[in-house]
Amino acid sequence: MAAVKHSKQRQSIKEYLMNTKEHPTADMVYTQVRQFYPNISLGTVYRNLNFLVEQGEAQRLTCGDGSERYDGTTTPHYHLICKGCGRVLDLCMSPLDHINTLASANFDGTVEGHTVLFHGHCPECTKASHIQAKT
């Protein structure tokens, strides 16, 4: 196996992902990293995001609307997609590991994991809708 070449651009992308709670798109990552590396291309950002996902150093979230978001937190956790503003938020909750057991109960194959995306409204959109309802 060939050695992986160290890249300052890749490191910058990884650091950005690890230090944001925003779950950015590749375009958002590009905009942020470009502040430090003005000559970086969007293609380089995509290649490095794919590399980080393949290496288990980032997660790719397919949000169902054709967009992909990235998360620097690689430990198992769940997300909520806000139907109001479109943000993706981390949900603090206990793991739903028993879903794997339930899924395996009537399945002859092997269930090795799961992905769960919740849909609803973030606190800001919930608050805004309550304010609008009162006026």
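Right above here is the structure, for reference.
Definitions and limits used
Counting of residues starts from 1 at the beginning of each chain's written sequence and follows it residue by residue. This being a predicted model, a pLDDT of at least 70 is required before a residue's local features are given, and a value of 80 or more before pairs of side-chain atoms are given or counted; all residues contribute to the totals for chains, interfaces and linings. To get the side-chain values, take all heavy atoms of the structure and skip hydrogens and water. Strands are labelled as partners when DSSP assigns at least two bridges between them. Only DSSP runs of H or I reaching four residues or more are called helices, and only runs of E reaching two or more are called strands; each is numbered from the N terminus. In this analysis, axes come from line fits to C-alpha atoms, helices being fitted only over the stretch in contact, and the angle between any two N-to-C directions falls in the range 0 to 180 degrees. Buried Ala, Val, Leu, Ile, Met, Phe, Trp, Tyr and Cys residues that are joined via side-chain atoms within 4.5 Å together make up what is termed a nonpolar core. Only protein chains enter the accessibility calculation, which uses a 1.4 Å probe; a residue whose area is less than 20% of its type maximum is buried, one above 50% is exposed, and one in between is partly exposed. Any two residues whose heavy atoms approach within 4.5 Å at even a single point are treated as in contact. Oblique is the label for every angle not falling under 35 degrees (roughly parallel), over 145 degrees (roughly antiparallel), or within 65 to 115 degrees (roughly perpendicular). By convention the crossing between two helices is left-handed if the near helix lies anticlockwise of the far one by an angle smaller than a right angle, and right-handed if it lies clockwise.

Q: Is there a simple way to explain the sheet that holds strand E5 (residues 117–120) in this structure?
A: The strands that make up a sheet are held in pairs by hydrogen bonds between backbone atoms, and each pair lies either parallel or antiparallel. Pairing within the open sheet is mixed, and its three strands lie in the order E4-E3-E5. Each edge of the open sheet carries a strand with a single partner, namely strand E4 (88–91) and E5. Taken over all neighbouring pairs, the strand axes of this sheet differ in orientation by 35° on average, direction set aside. Examined bridge by bridge, strand E3 (residues 78–82) and E5 share four bridges and lie parallel to one another.

Q: Would you explain the pairing of strand E1 (residues 59–62) in this entry?
A: On any regular strand, side chains alternate: one points to one face of the sheet, the next to the other face. Of the pairings in the sheet, the one linking E1 to strand E2 (residues 68–71) comprises four bridges and is antiparallel in character. Its bridge partner lying in E2, Arg 60 is registered against Tyr 70. The antiparallel pairing of E1 with E2 creates a hairpin that spans five residues between the two strands, and Gly 64 there sits at a positive phi of about 85°.

Q: Would you mind going over the nonpolar core with me for this structure?
A: What tends to happen in soluble globular proteins is that the nonpolar side chains get buried as a cluster. Judged by nonpolar contacts, the single largest core of 13 residues is most densely connected at Ile 13, Leu 17, Val 29, Ile 40, Val 45 and Leu 49. Taken together, the elements giving at least two residues each to this core come down to helix H1 (8–18), helix H2 (26–34) and helix H3 (42–54). If one sorts the elements of this core by residue count, H2 sits on top with four residues. Ignoring any residue separated from it by four or fewer positions in sequence, one finds Leu 17 in contact with Pro 24, Val 29, Leu 49, Leu 52, Ala 58, Tyr 70 and Gly 72. By size, the runner-up hydrophobic cluster in this structure holds five residues, among which are Leu 80, Cys 82, Cys 122 and Cys 125.

Q: Help me understand the packing of H2 against H3 in this model?
A: Axis angle and axis distance: for two packed helices, these are the angle between their axes and the distance between the axes, and together they describe the pair. Following both chains from N to C, one finds H2 and H3 inclined at 115°, their axes separated by 9 Å at the closest point. By the angle between their directions, the pair H2 and H3 is classed as roughly perpendicular. The two elements H2 and H3 cross, and the hand of that crossing is right-handed. Together, Ala 26, Asp 27, Val 29 and Tyr 30 of H2 and Leu 42, Val 45, Tyr 46 and Leu 49 of H3 make up the contact between the two elements.

Function cannot be read off these values alone, since they describe shape.
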